[in-house]
Amino acid sequence: MSTTDTGGPPDTSDTIWERAHESTEFRELRSRLRRFVFPMTAVFLLWYLLYVLLADYAHSFMSTKVFGNINVGLIFGLLQFVSTFVITGLYVRYANRKLDPVAEKIREDIEGPAKEQA
Amino acid sequence: MTTLAASVEGSNPLLNIGIFALFVIITLVIVFRASRNTKTASDYYAAGRAFTGPQNGVAISGDYLSAASFLGIAGAIAINGYDGFLYSIGFLVAWLVALLLVAELLRNTGKFTMGDVLAFRMKQRPVRAAAATSTLAVSFFYLLAQMAGAGGLVALLLGVEGSGAQALVIAVVGIIMIAYVLIGGMKGTTWVQIIKAALLIFGALAMTLWVLAKYGFNFSSLLQAAVDKAGKAGETLLGPGKQYGATGTSKLDFLSLGIALVLGTAGLPHVLMRFYTVPTARDARRSVVWAIVLIGVFYLFTLVLGYGAGALVGPDVIKKAPGGVNSAAPLLALELGGPVLLGLISAVAFATILAVVAGLTITASASFAHDVYANVVKRGKTSPDSEVKVARITALVIGALAIGGGILANGQNVAFLVALAFAVAASANLPTILYSLFWKRFNTQGALWSIYGGLAITVVLIVFSPAVSGKSTSMFKSADFAWFPLSNPGIVSIPAAFILGWLGTVLSKEHDEKKYAEMEVRSLTGAGAEKAVVH
C-alpha cells in the first residue's frame, strides 16, 4: 500500500470499503461498540456530575464523618477512582472478547485483496 | 510570584543544580541514541509507531502529569484541603472519554495529527487549517503557562534571584527542550517522557510511604494532624467548599471548571498525538489503560502528600515560603529527607517542565508542518523530507516564542492559561472529533463552525472574565473590562460549540457518503491503518 504523504490515507478501491460497510459483520461490530461505549459514557459522566454537584452544593453532607476523619466526600472521591478503574477493566475485557475478533476478521477481508492488487 | 526570587530555606542550590545536570546529561545521551533511527516523517512525528502500549502509557502519564498536577495539586490540598483533591478527580475521570470514544478510532484513522482525522471526509484545506489553528492555540496557551511557571519554579529551587538571571534560566530550559525535539524527534521526546514519569511516580511513591509511615499508615491520623496544624479553621480542610464555596458565582465557576477538565483531556492535541506512536489500535487501548492506572495512583499519592505537607510543614509556612502554594511538595521533601531529597524532588519538578514543554512543541510543529505547510500551502504536493524540515524549523520558532513568552510572562499570574487550554480543547476540539467519528451527516461547514466557534467563544469569554481583569487575582489588576462572571467558560462554550457543529452541518448540503463509509470501516477495524516502521 502506498504511504506517500498526500495528507489523505493511501488509496484503495472505494467499493471495498462500501462493501465492508454494508456487511452484516461490520454492522454487528458497530452496534457492539456503540452498545457498550455510549451507555457507559453516559453512566460515568452522570456519576462524575453527581459528585461535582454534591461537592459544590452539598458541603455539610459531604463533610459528614463516617469513621475517624474519613468523611462522605472523601469516600465519594475515592469511589470515582474505583469506578474509573472498574470501567476501564470492563471495557478492556469487552473489547478483547467482543470487538477485536470481529474487527480482525473484517480487516483481513479488506487488506487481503488490497495487498494482492498492490 | 515575585516572591519566588528567594530560594527555599535550607535548600542547597549547588546540589540541586548537580542533580538537574545529571538528568539533562542522561536524557540527552538517550535522545542522541534515539535520533540515529529518526529518518522518515513517521519517525519524526510518530517515533516510527514502534513504542509498545505500556511504554506509551508511561509516556502519556509523563506528558499529562505537569508541574501543575504535581506541585499545584499537592499545594492546593495543603492549603485548601478537599477542594484541591477535586481537581485530580476531573483530570482522572477524563481519561475514560479518551479510552471509550477517542483513542483507538483516532489511531486507526489518522497518521500524525488531529487534522488527519477531522479532514478525512471533509474538504481538506479549510478543515486542516482550522484543526491546526486550534492545535496551535491550545499548545501555545499550555506552553506559555508551563514556561512562565518554569522560570519562577526553577529559580525558587535553584535559588536564582533577579529577573535577568531568571530569564537566563528560562532560556536554558527552552534551549534544552528544543535540543530534545530537534535531535530526538518523537522517539527522543517519548523517552524523555518515560524517564520523567518514572522519576516522578517513584519520587511521589517514596514520599507518600514516608509520610504515611510517620502516622502509622493511618490516613485518618494524618488528616487529624493536618487539621491540628492548621489552627482554628483546620476542620474545613476535610470537606469541600474552602476554595470554591464562597458565593453562588464561585460555585458555578467550579462546576464549569469540572466540566472543562473532564471533556478537555481527550481534546488535548499533545495527548492525541501520542496515540500515533504505537503500532495498532489495540496498543493505543493498552496505553490508555496504563496511563489511567499510573495517573490514578499518582493522584492518590498527591492526596497524601498534600495533607502531609499541611500536617508536617503547615499551611502558614507554605503560604509564606517563596513560591507559595507551589512550594508545598518541595518543603515536605526538605522536612522529610533534608537537602538531598529536596534536590531530587526539585530535579523531578524540573524534568517535568522540560518533558511537558517538549511534548507540546513537537505537537505544535507537527500540526504546522503536516496540516498547514504540506496540505494547505502545498496542497499535498510535497516530499516527507521537506515536511520534516519544516517541522524542525517550526519547532525552533515555537521554542523561541516559548522562551520569549516565558520571560515576558515571568511573574505574571498566568494560571488561567491552563484552564484556557483545557476549555479550548473541550470546546473546539472534542465536539468536532466526536461528530467526525460518530455522526454520519457531519460535514465541512459543521466542522468549521464548531472549531472556530468553540475557539472564539472560549477566548472572548476568558478575555472578558475576572481571570484577566478586575480582581486582585487577575492578570491586569488595575483595569476592569470583565463582564463575564466566570473564570472558566466551559459551561457556556462547550454546549455552544456542540450546537454550532450541529447547526453548521444541517445548514449545508455537503455530504460524502462514500468517504464516511470508508472512514467508519477504517476507524473501527484498523484496515489500511499506518503500520509500524521496521528499522
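Residues numbered from 1 in each chain as written. Chains lettered and ligands numbered in written order. Predicted model: local features only at pLDDT ≥ 70, side-chain atom pairs only at ≥ 80, totals over all residues.

Details of the overall build of chain A
Step number 1: Across its full length, chain A holds 4 helices and 2 strands.
Step number 2: Element order for chain A, N to C, with α for helix and β for strand: α-α-α-β-β-α.
Step number 3: The buried share among the 118 residues of chain A stands at 28%.
Step number 4: Contacts spanning at least 24 positions in sequence make up 58% of the contacts within chain A whose residues lie at least 6 apart. (Helix = DSSP H or I, 4+ residues; strand = E, 2+ residues; numbered from the N terminus. Buried ≥ 20, exposed ≤ 12 C-beta atoms within 10 Å, placed from the backbone. Contact = placed C-beta atoms within 7 Å.)

Notes on the overall build of chain B
Step number 1: The number of helices and strands found in chain B is 19 helices and 0 strands.
Step number 2: Computed over the C-alpha atoms, the radius of gyration of chain B is 22 Å, within 12% of the 24 Å expected from 2.2 N^0.38 for a compact globule of 535 residues.
Step number 3: Overall, chain B is about 65 × 55 × 45 Å in size when its C-alpha atoms are taken along their principal axes.
Step number 4: Within chain B, counting contacts between residues at least 6 apart in sequence, those at least 24 apart form 82% of the total. (Rg over C-alpha atoms; globule rule 2.2 N^0.38 Å.)

Observations regarding the interface of chain B and chain A
Step number 1: Taken residue by residue, the interface counts 47 residues in chain B and 49 residues in chain A.
Step number 2: Contributions of two or more residues to the side of chain B that touches chain A are made by helix 5 (82-109), helix 9 (219-229), helix 10 (248-264), helix 12 (281-312), helix 14 (328-377), helix 15 (384-409) and helix 19 (513-525) of chain B.
Step number 3: The biggest single contributor to the side of chain B that touches chain A is helix 5 of chain B, with 10 residues.
Step number 4: Residue composition of the side of chain B that touches chain A, grouped by class: 27 nonpolar, 13 polar and 7 charged. (Nonpolar A, V, L, I, M, F, W, Y, C, P; charged D, E, K, R; others polar.)

Brief notes about the packing of helix 16 (residues 416-438) of chain B against helix 18 (residues 490-506) of chain B
Residue and element names in this part refer to chain B.
Step number 1: At their nearest, the axes of helix 16 and helix 18 sit 9 Å apart, and the two run at 25 degrees to each other. Between helix 16 and helix 18, the crossing angle belongs to the class labelled roughly parallel. Seen along the crossing, helix 16 lies across helix 18 with a hand that is right-handed. Residue-level contacts link Ala 423, Ala 426, Ser 427, Ala 428, Pro 431, Thr 432 and Tyr 435 of helix 16 to Gly 490, Ser 493, Ile 494, Ala 497, Phe 498 and Gly 501 of helix 18.
Step number 2: The residue inventory of the contact of helix 16 with helix 18, partitioned by class, reads 8 nonpolar, 5 polar and no charged. (Axes fitted to C-alpha atoms, helices over the stretch in contact; angles between N-to-C directions. Parallel < 35°, antiparallel > 145°, perpendicular 65-115°, else oblique. Left-handed = near helix turned anticlockwise from the far one by under 90°.)

Details of helix 8 (residues 163-214) of chain B
Step number 1: When the terminal C-alpha atoms of helix 8 of chain B are compared, their 39 Å separation across 52 residues is substantially less than the 76 Å that a helix rising 1.5 Å per residue should span.
Step number 2: Gly 216 of chain B, located one to two residues past helix 8 of chain B, shows a positive phi value of around 60 degrees. (Expected span 1.5 Å × (residues − 1).)

A look at the nonpolar core
Step number 1: The biggest cluster of nonpolar side chains holds 236 residues, and the ones touching the most others in it are Ala 309 and Leu 332 of chain B.
Step number 2: Setting aside its immediate chain neighbours within four residues, Ala 309 of chain B contacts Ala 74, Ala 78, Ile 318, Ala 328, Ala 329, Leu 331 and Leu 332 of chain B. (Core = buried A, V, L, I, M, F, W, Y, C linked by C-beta atoms within 7 Å.)

Quick notes on unusual backbone geometry
All names here are of chain B.
Step number 1: Its identity is not glycine, yet Ala 47 carries a phi of approximately 55 degrees, on the positive side.
Step number 2: Looking at the element boundaries, Ala 47 is found in the loop between helix 2 (41-46) and helix 3 (53-64).
Step number 3: Positive phi outside glycine occurs at Arg 49, with the angle close to 55 degrees.
Step number 4: With respect to the helices and strands, the residue Arg 49 is situated in the loop between helix 2 and helix 3.
Step number 5: Classification of Arg 49 as buried rests on a count of 23 C-beta atoms within 10 Å.

Some remarks on the packing of helix 8 of chain B against helix 12 of chain B
Residue and element names in this part refer to chain B.
Step number 1: Two numbers describe how helix 8 lies on helix 12: the axes approach to 9 Å, and their chain directions differ by 40 degrees. Considering their axes alone, helix 8 and helix 12 lie oblique with respect to each other. Like other packed secondary-structure pairs, helix 8 and helix 12 cross with a definite hand, here left-handed. Facing helix 8, whose interface residues are Ala 197, Ile 201, Ala 204, Leu 205, Met 207, Thr 208, Val 211 and Leu 212, helix 12 presents Leu 294, Phe 298, Phe 301, Thr 302, Val 304, Leu 305 and Gly 308.
Step number 2: In terms of residue class, the contact of helix 8 with helix 12 is made up of 12 nonpolar, 3 polar and no charged.

Description of the confidence of the model for chain B
All names here are of chain B.
Step number 1: For chain B, per-residue confidence averages 87 on the pLDDT scale, and residues scoring 70 or more make up 96% of the total.
Step number 2: Below a pLDDT of 50 lies the segment residues 1-6, which in the model reaches 16 contacts outside its immediate sequence neighbourhood of four places, other chains included.
Step number 3: Confidence estimates for the predicted assembly give a pTM of 0.90 and an ipTM of 0.90. (pLDDT = per-residue confidence, 0-100.)

Details of the environment of Thr 133 of chain B
Step number 1: Structurally, Thr 133 of chain B is set in helix 7 (residues 124-158).
Step number 2: Taking the C-alpha atoms as reference points, Thr 133 of chain B and Phe 368 of chain B, separated by 235 residues in sequence, lie 8.7 Å from one another.

What about the environment of Trp 17 of chain A?
Step number 1: Positionally, Trp 17 of chain A belongs in helix 1 (residues 14-22).
Step number 2: What makes Trp 17 of chain A buried here is the crowd of 23 C-beta atoms within 10 Å.
Step number 3: Beyond its immediate chain neighbours, meaning those up to four positions away, Trp 17 of chain A contacts Ala 517, Glu 518 and Val 521 of chain B.

A short note on the environment of Ala 94 of chain B
Residue and element names in this part refer to chain B.
Step number 1: Within the secondary structure, Ala 94 sits in helix 5.
Step number 2: Using a count of 27 C-beta atoms within 10 Å as the deciding quantity, one classes Ala 94 as buried.
Step number 3: When the C-alpha positions of Ala 94 and Leu 263 are compared, they lie 6.1 Å apart, and in sequence the two are 169 residues distant.
Step number 4: Apart from the residues within four sequence positions on either side, Ala 94 is in contact with Leu 261, Val 262, Gly 264, Thr 265 and Ala 266.

Digging into the confidence of the model for chain A
Residue and element names in this part refer to chain A.
Step number 1: Scored by pLDDT, chain A comes out at a mean of 85, with 83% of its residues at no less than 70.
Step number 2: The spread of mean pLDDT over the elements of chain A runs between helix 1, the lowest at 84, and helix 2 (residues 24-57), the highest at 95.
Step number 3: Of the regions scoring below 50 in pLDDT, residues 1-7 engages in 16 contacts with residues more than four places distant in sequence or in other chains.
Step number 4: Residue range residues 114-118 is modelled with pLDDT below 50. Its contacts to residues more than four positions away, or to other chains, number 4 contacts.

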